[in-house]
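Listed below are the residues making up each chain.
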Amino acid sequence: MSIIKTSENLSEEQKKENESLDLFLSTQTVIKEALNKLGYSNELFELLKEPLRMLTVRIPVKMDDGTVKVFTGYRSQHNDAVGPTKGGVRFHPEVNEKEVKALSIWMSLKCGITDLPYGGGKGGIICDPRVMSFGELERLSRGYVRAISQIVGPTKDIPAPDMYTNSQIMAWMMDEYSRLREFDSPGFITGKPIVLGGSQGRETATARGVTICIEEAGKKKGIDLLGARIIIQGFGNAGSFLAKFMHNAGAMVIGISDANGALYDPKGLDIDYLIDRRDSFGTVTNLFTNVITNQELLEKECDILVPAAISNQITAQNAHRIKASIVVEAANGPTTLEATKILDERGVLLVPDILASAGGVTVSYFEWVQNNQGYYWSEEEVVEKLRKVMIDSFENIYQTAQVYKVDMRLAAYMVGIKKSAEASSFRGWV
Ligand code: NAD
């Protein structure tokens with residue numbers, strides 16, 4: 001994994017590399033470019049380059065051993081001109097303010113691409129849920145909701161799961177919010193268990209959206225899924241369900257990975273077995289001895305590569321050695337801007353994160369609609385509606401890329417930022 005070096009005596013080259021690994025800075029760079037291409041004013045860039053609101057909270061939690069630990073959490077709201085903000089809450093040791101801000105901007109872009117009536121939001125807590133008990137996680141989740149309760153709500157800002165958070169954590173958060181407000185508020189949060197107003201198909205929505213993007217990209221590149229060789233980095237919610245969908249579609253999943261390493265077999269992996277043995281944090285490689293590194297896996301021969309774990313995985317250093325002809329970004333920010341350029345020049349079709357991983361927020365929106373109307377849809381209805389949204393969004397971005405002669409990432413930013421820009425203008429903010 002590439003990390004940002006903090007030394008002050010950096011060479012020009014190292015400074016450039018640091019900049020490209022800075023997700024917030026690269027997001028601003030592409031937003032500026034997208035607004036310029038669309039002919040919007042610099043004032044709009046000044047408005048949209050930062051979140052409107054960023055709340056930092058400190059959450060005291062009584063730990064099981066009787067001590068009190070104070071956790072730091074964030075909630076960022078990028079722009080609410082279109083409607084309430086929406087976005088997940090991440091529990092991870094590497095959560096930081098800049099990343100949360102960038103992720104909230106990406107949520108605005110995802111909602112713009114899929115034409116949802118939301119702006120972008122995002123939250124995170126610096127913690128490691130892998131070493132916390134169930135009770136500690138519940139107290140932390142409830143404490144976070146109490147800390148941010150003034151700025152969130154079903155018509156203000158609607159959280160959801162993200163890395164290392166799940167439907168149980170959403171259930172605790174929804175319960176805490178309902179207690180504070182003294183009425184049941186299922187529409188406060190999405191990604192809930194079905195029995196508490198969750199939507200059919202939400203758990204697999206991100207992977208399904210990625211699957212649809214792979215199918216559409218395959219059509220453009222003349223790659224049939226049947227027999228296609230796929231490598232997936234990350235075996236959590238997004239990665240493992242995607243592996244299952246690919247396997248069911250007749251593709252050959254020849255590589256997967258988790259935080260500890262990667263498994264690779266050119267003859268295809270036993271996906272059902274791996275899903276059966278993985279733990280709730282998406283870890284499975286620790287059960288094997290023939291493990292390679294994540295970086296080695298990314299460079300293996302394959303047709304389709306799907307980074308579905310963390311950011312900054314494909315950089316200027318390894319982009320030349322990527323063998324896939326299609327890269328579909330299930331994770332947020334796995335490819336730097338420099339690497340995007342290299343892949344584009346090499347003719348690799350890159351489906352950017354803000355399009356590829358938009359299935360999650362789309363079905364989250366369906367969940368919120370169902371909560372608001374109190375009437376629930378079948379899984380078939382949800383999947384059909386999701387399919388339409390993803391295919392339309394893919395085609396819109398693909399055509400934009402062709403018309404403006406830009407790469408798919410810039411095309412996605414152009415489509416994604418337009419709605420926030422127009423809504424902000426109509427409201428008279430700029
Ligand atoms: P998850 O917590 O369920 O799984 C994460 C996976 O990544 C695990 O297999 C973990 O072992 C692996 N991982 C963690 N650190 C790693 C490292 N340093 N190197 C390699 N692998 C590592 O998370 P998820 O929900 O599957 O999310 C994965 C990515 O997809 C994230 O970037 C997330 O923001 C993005 N995403 C997820 C959703 C969703 O609905 N789940 C929606 C949009 C985007």
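Shown above is the structure to which this text applies.
Quick look at the structure, then. (Residues numbered from 1 in each chain as written. Predicted model: local features only at pLDDT ≥ 70, side-chain atom pairs only at ≥ 80, totals over all residues. Heavy atoms only, no water.)

Attention shifts here to the nonpolar core. With 83 residues, the main nonpolar core has Ile 214, Ile 256, Val 306, Val 328 and Leu 355 as its most contacted residues. Ranked by residues supplied to this core, first place goes to helix H15 (residues 408–426) with 9 residues. Counting the residues that make up this core, at least three belong to each of domain 1 (50–183) and domain 2 (205–356). Once you skip the residues sitting within four places of it in the chain, Ile 214 turns out to touch Leu 225, Leu 242, Met 246, Ile 304, Val 306 and Val 328. Counting 25 residues, the second-largest nonpolar core is a separate cluster that includes Val 61, Met 63, Ile 169 and Met 173. (Core = buried A, V, L, I, M, F, W, Y, C linked by side-chain atoms within 4.5 Å. Buried < 20%, exposed > 50% of the residue type's maximum accessible area, 1.4 Å probe, protein only. Helix = DSSP H or I, 4+ residues; strand = E, 2+ residues; numbered from the N terminus. Domains from an automatic or database assignment. Contact = heavy atoms within 4.5 Å.)

On to the environment of Ala 330, then. Following the sequence through the fold, Ala 330 ends up in the loop between strand S10 (326–328) and helix H11 (337–345). Sequence-distant contacts of Ala 330, defined by excluding residues within four places in its chain, comprise Val 210, Val 306, Pro 307, Ala 308 and Ser 357.

The next thing to look at is the sheet that holds strand S9 (residues 304–307). Strand order in the open sheet made by the 6 strands is S8-S7-S6-S9-S10-S11, with mixed pairing throughout. Sheet topology places strand S8 (261–264) and strand S11 (349–351) at the edges, where each strand pairs with a single neighbour. Adjacent strand axes in the sheet meet at a mean angle of 15 degrees when their direction is disregarded. As paired strands, strand S6 (residues 229–233) and S9 are joined by 4 bridges and run parallel to one another. Bridge pairing links Ile 232 to Val 306 in S9. Across the face of the sheet, helix H7 (residues 205–221) comes into contact with S9, S10 and S11 while running at roughly 160 degrees to S10. (Pairing = 2+ DSSP bridges. Axes fitted to C-alpha atoms, helices over the stretch in contact; angles between N-to-C directions.)

Another aspect to go through is the sheet that holds strand S3 (residues 85–92). Taken together, the 5 strands give an open sheet; going across it, the order is S1-S2-S4-S3-S5, and neighbouring strands pair in mixed fashion. The open sheet has two free edges, formed respectively by strand S1 (53–62) and strand S5 (157–161), since each of these has just one partner strand. Taken over all neighbouring pairs, the strand axes of this sheet differ in orientation by 25 degrees on average, direction set aside. Sheet analysis places S3 next to S5, joined by 5 bridges and oriented parallel. Following the sheet pairing, Thr 85 is matched in S5 by Asp 157. Sheet strands in contact with helix H4 (residues 97–113) are S1, strand S2 (68–77), S3 and strand S4 (119–126), and its direction is about 150 degrees off that of S4.

Further remarks concern the packing of aromatic side chains. Applying the stated criterion across every chain yields a total of 9 aromatic pairs. Aromatic pair Tyr 164 and Phe 281: ring centres 5.6 Å apart, planes at 90 degrees, arrangement edge-to-face. Of this pair, Tyr 164 sits in the loop between S5 and helix H6 (167–181) while Phe 281 is found in the loop between helix H9 (271–277) and helix H10 (294–298), placing the two residues 117 residues apart along the sequence. Judged by relative accessible area, Tyr 164 falls into the buried class, the value being 18%. Centre to centre, the rings of Phe 366 and Trp 377 are 5.8 Å apart; their planes meet at 65 degrees, and the pair counts as edge-to-face. Taken together, the residues span a long stretch of sequence, with Phe 366 in helix H13 (residues 359–373) and Trp 377 in the loop between H13 and helix H14 (379–404) at a distance of 11 residues. Neither residue differs from the other here; Phe 366 and Trp 377 are each classed as buried. Each member of the aromatic cluster is reached from another via a ring pair, and the members are Tyr 118, Tyr 365, Phe 366, Trp 368 and Trp 377. The aromatic ring of Tyr 398 is capped on one face by Lys 220, whose charged end is 4.4 Å from the ring centroid. (Phe/Tyr/Trp six-rings, centres within 6.5 Å; stacked < 30°, edge-to-face > 60°. Lys NZ or Arg CZ within 6 Å of the ring centre and 35° of its normal.)

Moving on: unusual backbone geometry. Its identity as a non-glycine residue notwithstanding, Asp 115 has a phi of 60 degrees, on the positive side. When you line up the elements, Asp 115 lands in the loop between H4 and S4.

Evaluation of the coordinates by the stated rule reveals 29 salt bridges. With a shortest N-O distance of 2.9 Å, Arg 142 and Glu 176 are connected by a salt bridge. Within this pair, whereas Arg 142 is found in helix H5 (residues 134–148), its partner Glu 176 is found in helix H6, the two being separated by 34 residues in sequence. Owing to a relative accessible area of 8%, Glu 176 belongs among the buried residues under this scheme. The salt bridge partner of Lys 418 is Glu 422, with a shortest N-O separation of 3.9 Å. Note that Lys 418 and Glu 422 are positioned in helix H15 at a spacing of 4 residues, about one turn of the helix. When its relative accessible area of 35% is taken as the criterion, Glu 422 is described as partly exposed. (Salt bridge = Lys/Arg side-chain N within 4 Å of Asp/Glu carboxyl O.)

Of all residues adjacent to the ligand, which total 25 residues, the nearest are Arg 90, Thr 206, Asn 237, Gly 282 and Asn 332. Backbone polar atom of Phe 235 to an oxygen atom of the ligand: 2.9 Å apart, as the coordinates give it. Asn 237 is positioned with one of its backbone polar atoms (N or O) 2.8 Å from an oxygen atom of the ligand. Here the residues of the shell around the ligand are counted per class, giving 11 nonpolar, 9 polar and 5 charged. A domain split of the shell around the ligand shows at least three residues from each of domain 1 (50–183) and domain 2 (205–356). (Near = heavy atom within 4 Å. Polar contact = N/O pair within 3.5 Å; in protein donor to acceptor, adjacent residues only side chain to side chain. Nonpolar A, V, L, I, M, F, W, Y, C, P; charged D, E, K, R; others polar.)

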